[in-house]
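Inside the fold
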Amino acid sequence: MSKTLFFCKECGTEVSKWQGQCPGCRAWNTLVEAPAGQAAQLKTRAVSESRKRAAAGIGEKKKPVTIRDVETAADLRQPVGMPELDRVLGGGIVPGSLILVGGDPGIGKSTLLLQTCRLLSGKGIRTLYVSGEESEKQIRLRADRIGEFAEGMLLFSETAMSAILGAVDEVQPSVLVVDSIQTIFEESVDAAPGSVSQVREITGTLLQLAKSRNITIFIVGHVTKEGNVAGPRMLEHMVDIVLYFEGDKTAMYRMLRGVKNRFGSTNEVGVFEMREQGLVEVPNPSEYLMQGRLEDEAGSVVVCAMEGSRAFLIEVQALVCRSSFPVPRRTAVGTDYNRVNLLMAVLEKRIGLTTGDCDAYVNVAGGMRITEPALDLALVAALISSHTGKAFDSRTVFFGEVGLVGEVRAVSQAERRVREAIKTGYTTIILPESNRQALEKAGEDFPGTRLIGIRHVRELGKQ
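Now for a description of the structure that goes with this document. (Residues numbered from 1 in each chain as written. Predicted model: local features only at pLDDT ≥ 70, side-chain atom pairs only at ≥ 80, totals over all residues. Heavy atoms only, no water.)

1. Looking at unusual backbone geometry
Note that the residue after D179, namely S180, is joined by a cis bond; omega there is -5°. Topologically, S180 is positioned in the loop between strand 7 (175-179) and helix 7 (196-213). Positioned with a positive phi, D296 is a non-glycine residue whose angle comes to about 55°. Along the polypeptide, D296 turns up in the loop between helix 9 (285-289) and strand 13 (300-307). Looking at D296, the relative accessible area reads 53%, which means it is exposed. (Helix = DSSP H or I, 4+ residues; strand = E, 2+ residues; numbered from the N terminus. Buried < 20%, exposed > 50% of the residue type's maximum accessible area, 1.4 Å probe, protein only.)

And the structure:
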């Protein structure tokens, strides 16, 4: 006859015989019988479920409130102290929000969040950094390069969700970082860490924890080879904010892009430079991205592109040369490959630029990826310049959308693009004629700057 034990479903206390009240947590009718061999496993599961219920606030009585009594997110925002990050977040972090940060391995996700914890703890905000990938010593070595940390910054190296919830109960942090969600496991789920069921369960628990305790939680998520966050797609639907950290690991700069934000605008970007002491903000990306550009070179033009509410000046390069292959090669780096093929077909059909026997290589310098339609006119200008061997004036900026019949269409936020170009020192701006007329009608004045409006790509040959 196998030996049996009794354990409490709420706190896990074990006793040899049944009692009406648990001697550990003093709860009534919570002792259940289990074989001795399974008692430890059932105890772990019971404790985990208990902590999850406590994190979710189950059992607490709540009442509906009127919408006027609810505090708005704008009043509750806490600026991090890193302007580039605050811009992407919409002005700062909101208590009770769940934020997912994704990106390639080694891109700087952990460094960014460690710097965020440093700034917040320096303001007296209690933060808890939970790492399932690194030990406390490894994190300390990285932290020493960043700078001094306040006493309110706590580290915890753990992968079990029940232990993390226990640490949250003990520490009572205002900000929690989980790095990364693919390494954390829930004992009650019979699956490997990082599996769909584990990620879904862990995210649900963290969501309940954030909303019930009013804790801001940052989650680090691994990405697949396609660049999407690994795990179920519903992970991005469950969280409040989704941030992607982009850039080439071999390059110095990084871009933080917001693709979902329940508390602010989307498609905002922050630009950082990776240095030995960590991530450093780049307040003027246009000046930074234009460093090293050679002037008066055929095939090189400058475009003013928009990322969210921010204007960037970026160099667009094209190289068109005779092909030695039966089928000419086409390569596009930093923009849409199919869009380049479409624009080359427009040039061949509408202005007679023969490129059928030429290789064509297009590059957006600096490693950025731009797909907005305003890039079309700069791509066309770079292709024409490289094919003819004639360079455009080095102080000229292009922007505009090109249609299939060669027409140049208006783009949004033309005034902001023009002002960014003027601020950086450019004196000639080639833009859609409809945009030029709209600026003139609005009474906008740009002394010392020539605005050249064009209606068709054939007019580029006259510039």
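2. What about the side chain of H456?
Structurally, H456 can be placed in the segment after strand 21 (450-454). For H456, a relative accessible area of 10% translates into the label buried. From its side chain, H456 meets the backbone oxygen of V405 in a polar contact 2.9 Å long. If we skip the residues at most four places from it in the chain, H456 touches R350, V405, G406, E407 and V408. (Polar contact = N/O pair within 3.5 Å; in protein donor to acceptor, adjacent residues only side chain to side chain. Contact = heavy atoms within 4.5 Å.)

3. Here's the deal with a positive patch on the surface
Together, K349, R350, R458 and K462 make up a positively charged patch on the protein surface. Relative to the helices and strands, K462 is located in the segment after strand 21. (Patch = residues over 30% accessible without salt bridge, like charges linked within 9 Å, V, L, I, M, F, W, Y side chains within 5 Å. Areas by Shrake-Rupley, 256 points an atom, 1.4 Å probe, with all protein chains shown as cover. Salt bridge = Lys/Arg side-chain N within 4 Å of Asp/Glu carboxyl O. Lys, Arg positive; Asp, Glu negative; His and termini not counted. Charge placed at Lys NZ, Arg CZ, Asp CG, Glu CD.)

4. Side note on the sheet that holds strand 15 (residues 330-333)
An order of 15-16-14-13-17-20-21 is seen for the 7 strands of this open sheet, with the pairing classed as mixed. Every interior strand has two partners, whereas the edge strands, strand 15 and strand 21, have only one. Across the sheet, the mean angle separating the axes of adjacent strands is 25° when strand polarity is ignored. Of the strand pairs in this sheet, strand 15 and strand 16 (residues 358-364) are connected by 4 bridges, and their pairing is parallel. (Pairing = 2+ DSSP bridges. Axes fitted to C-alpha atoms, helices over the stretch in contact; angles between N-to-C directions.)

5. Let's talk about the sheet that holds strand 12 (residues 278-281)
One open sheet accounts for 9 strands, arranged 6-5-7-8-4-9-10-11-12; its pairing is mixed. Two strands close off the open sheet at either side, each with one partner strand: strand 6 (153-157) and strand 12. Neighbouring strand axes in the sheet, compared pairwise and without regard to direction, differ in orientation by 25° on average. Across the sheet, helix 4 (residues 109-122) is in contact with strand 4 (98-103), strand 5 (127-131), strand 6, strand 7, strand 8 (216-221), strand 9 (241-246), strand 10 (253-261), strand 11 (269-275) and strand 12; its angle to strand 5 comes to roughly 160°. Sheet strands touched by helix 7: strand 4, strand 7 and strand 8. Its angle to strand 8, the strand with the most contacts, is close to 160°.

6. A short note on the packing of helix 4 against helix 5 (residues 136-146)
It is at 11 Å that the axes of helix 4 and helix 5 come closest, and there the two elements cross at 65°. Looking at the two axes, helix 4 sits roughly perpendicular to helix 5. As helix 4 packs across helix 5, the resulting crossing turns out to be right-handed. In contact with S110, T111, L114, Q115 and R118 of helix 4, helix 5 contributes I139, R142, A143 and I146. A class-by-class count of the residues in the contact of helix 4 with helix 5 yields 4 nonpolar, 3 polar and 2 charged. (Parallel < 35°, antiparallel > 145°, perpendicular 65-115°, else oblique. Left-handed = near helix turned anticlockwise from the far one by under 90°. Nonpolar A, V, L, I, M, F, W, Y, C, P; charged D, E, K, R; others polar.)

7. Focus: the side chain of T428
Positionally, T428 belongs in strand 20 (residues 428-432). Under the relative-accessibility criterion, T428 is labelled buried at 7%.

8. Some thoughts on the packing of aromatic side chains
Under the defined criterion, the tally for this structure stands at 2 aromatic pairs. Note on F245 and F272: the rings are 6.1 Å apart at their centroids and 70° apart in plane angle, and the pair reads as edge-to-face. Linking F245 in strand 9 with F272 in strand 11, this pair joins segments that are 27 residues apart in sequence. Ring centres of F392 and F398 lie 5.1 Å apart, and the angle between their planes is 75°; this geometry places the pair in the edge-to-face category. Judged by relative accessible area, which is 11%, F392 ranks as buried. A residue is classified by how much of its surface remains accessible, and F398, at 1% relative accessible area, is buried. R395 extends its terminal NZ or CZ atom over the ring of Y426, reaching a point 4.3 Å from the ring centre. (Phe/Tyr/Trp six-rings, centres within 6.5 Å; stacked < 30°, edge-to-face > 60°. Lys NZ or Arg CZ within 6 Å of the ring centre and 35° of its normal.)

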